[in-house]
Amino acid sequence: MIVGFIGSGNMAAAMARGWSRLEGNGTPQLLFTDSGSGRATALADEVGGGAVETNSDLVEQSDFVILATKPGVIGEIAQAVPAPKALLSLLGGTPLERVTSLFPDSPVLRLMPNLAVEVNRGVICIARPAGTDQALADDASSLLGSLGTVIELDDQLMNAATAVMGCTPAYFAEVADALIHTGIEEGLEPADSLAMVSETLAGSAELLRERTPFEIRVAVASPGGSTEAGLEALDEAGGGQAFRQAAQASLKRMREG
Ligand SMILES: NC(=O)c1ccc[n+]([C@@H]2O[C@H](COP(=O)([O-])OP(=O)(O)OC[C@H]3O[C@@H](n4cnc5c(N)ncnc54)[C@H](OP(=O)(O)O)[C@@H]3O)[C@@H](O)[C@H]2O)c1
């Protein structure tokens, strides 16, 4: 299976790194283009794929083409390339209808991955037009399933999904950064503070599969204790409300296009 990325930026790199970590079956051959920065060659060298001179060459050689540019250049790309055998668009805030109208002769799926695909622990939301060939959808699901958890959605819900899972690694990184630096300021070795916070995030994620957020909060915060003091300070500073506002701000930006 040959997967070609039009665009070799952050998300293309994350997906390519995830696939390059697989051993044996399921590892696609990877091709890349860019708009002149040299990132395609650098990424191909890093993950063991190939950089291709033009988007048209890449499309002709690929079983799946992944559109991994910023949304603004989709029109010029569509005009310049032949019809891909299958097109996966991960353009943020870009409805399926827009992509299918620009690529009328290709089967199109819309994806929303998050950065954790790089370590094969991502979430990849997929929307497909009515009438999509089932074999193609199955092939795409199994290809993407090696990068994390695949969730099928209606296209209208992709912006909501993006606000909840696409942007979120950056929010968790912000929380982690604040806690790691507090540990360092209080005398922890940076590596220890990082290990404590990252493993606590990973463990809390596992716990969330078993218990509700409310149950976890109650089980950690005994009345009058240090966690309760921390939660009160968090609430005063905006707490959960701040994250709801962050998700709403992302949605507003996506709706503005
Ligand atoms: N980053 C995330 O976490 C994330 C999550 C979900 C979805 N997305 C979506 O993924 C898409 C890419 O985001 P990103 O963060 O990876 O962006 P990025 O780092 O800016 O990368 C964009 C890439 O597109 C290339 N490009 C631009 N015009 C091109 C053209 N005509 N032909 C070939 N390549 C071209 C750029 O080339 P140069 O290298 O030459 O500049 C660059 O390699 C966006 O639509 C975004 O909404 C991103």
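Rules and cut-offs
- Residues numbered from 1 in each chain as written.
- Predicted model: local features only at pLDDT ≥ 70, side-chain atom pairs only at ≥ 80, totals over all residues.
- Helix = DSSP H or I, 4+ residues; strand = E, 2+ residues; numbered from the N terminus.
- Buried ≥ 20, exposed ≤ 12 C-beta atoms within 10 Å, placed from the backbone.
- Contact = placed C-beta atoms within 7 Å.
- Domains from an automatic or database assignment.
- Pairing = 2+ DSSP bridges.
- Axes fitted to C-alpha atoms, helices over the stretch in contact; angles between N-to-C directions.
- Right-handed = clockwise from strand over helix to strand, strands pointing away.

Enquirer: Would you mind going over the overall build of the protein with me for this structure?
Expert: In terms of regular secondary structure, the protein is built from twelve helices and eight strands. Each of the three principal axes of the protein carries a C-alpha extent, and together these read 65 × 35 × 30 Å. Taking all 257 residues of the protein together, the buried fraction comes to 28%. Considering only contacts within the protein whose residues lie at least 6 apart along the sequence, 58% involve residues at least 24 apart.

Enquirer: What is the right way to look at the domain arrangement of the protein in this model?
Expert: Where interface size is given, it is often the accessible area lost as the parts come together that is meant. Each assigned domain of the protein is listed with its residue range as follows: domain 1 (2-154) and domain 2 (168-256). Each of domain 1 and domain 2 has a C-alpha centre, and these two points are 32 Å apart.

Enquirer: What's the story with the sheet that holds strand β6 (residues 108-113) in this structure? I'm lost.
Expert: Ordered by their spatial adjacency, eight strands build an open sheet running β3-β2-β1-β4-β5-β6-β7-β8, and the pairing between neighbours is mixed. Edge positions in the open sheet fall to β3 (50-51) and β8 (148-152), since each of these has one partner strand only. With four bridges connecting them, β6 and strand β7 (residues 122-127) associate as antiparallel partners. Considered in β7, the bridge of proline 113 is made with isoleucine 124. Where helix α2 (residues 39-47) meets the sheet, its contacts fall on β2 (29-33) and β3, and the angle it forms with β2 comes to roughly 165°.

Enquirer: Looking at this structure, how should I read the pairing of β2?
Expert: Looking along a regular strand, one sees the side chains alternate between the two faces of the sheet. Buried residues dominate β2, accounting for four of its five residues. Strand direction decides the pairing type here: strand β1 (residues 2-6) and β2, joined by five bridges, are parallel. Residue pairing for β2: glycine 4 is matched across the bridge by leucine 31. Note that the unit made of β2, α2 and β3 has a crossover that is right-handed.

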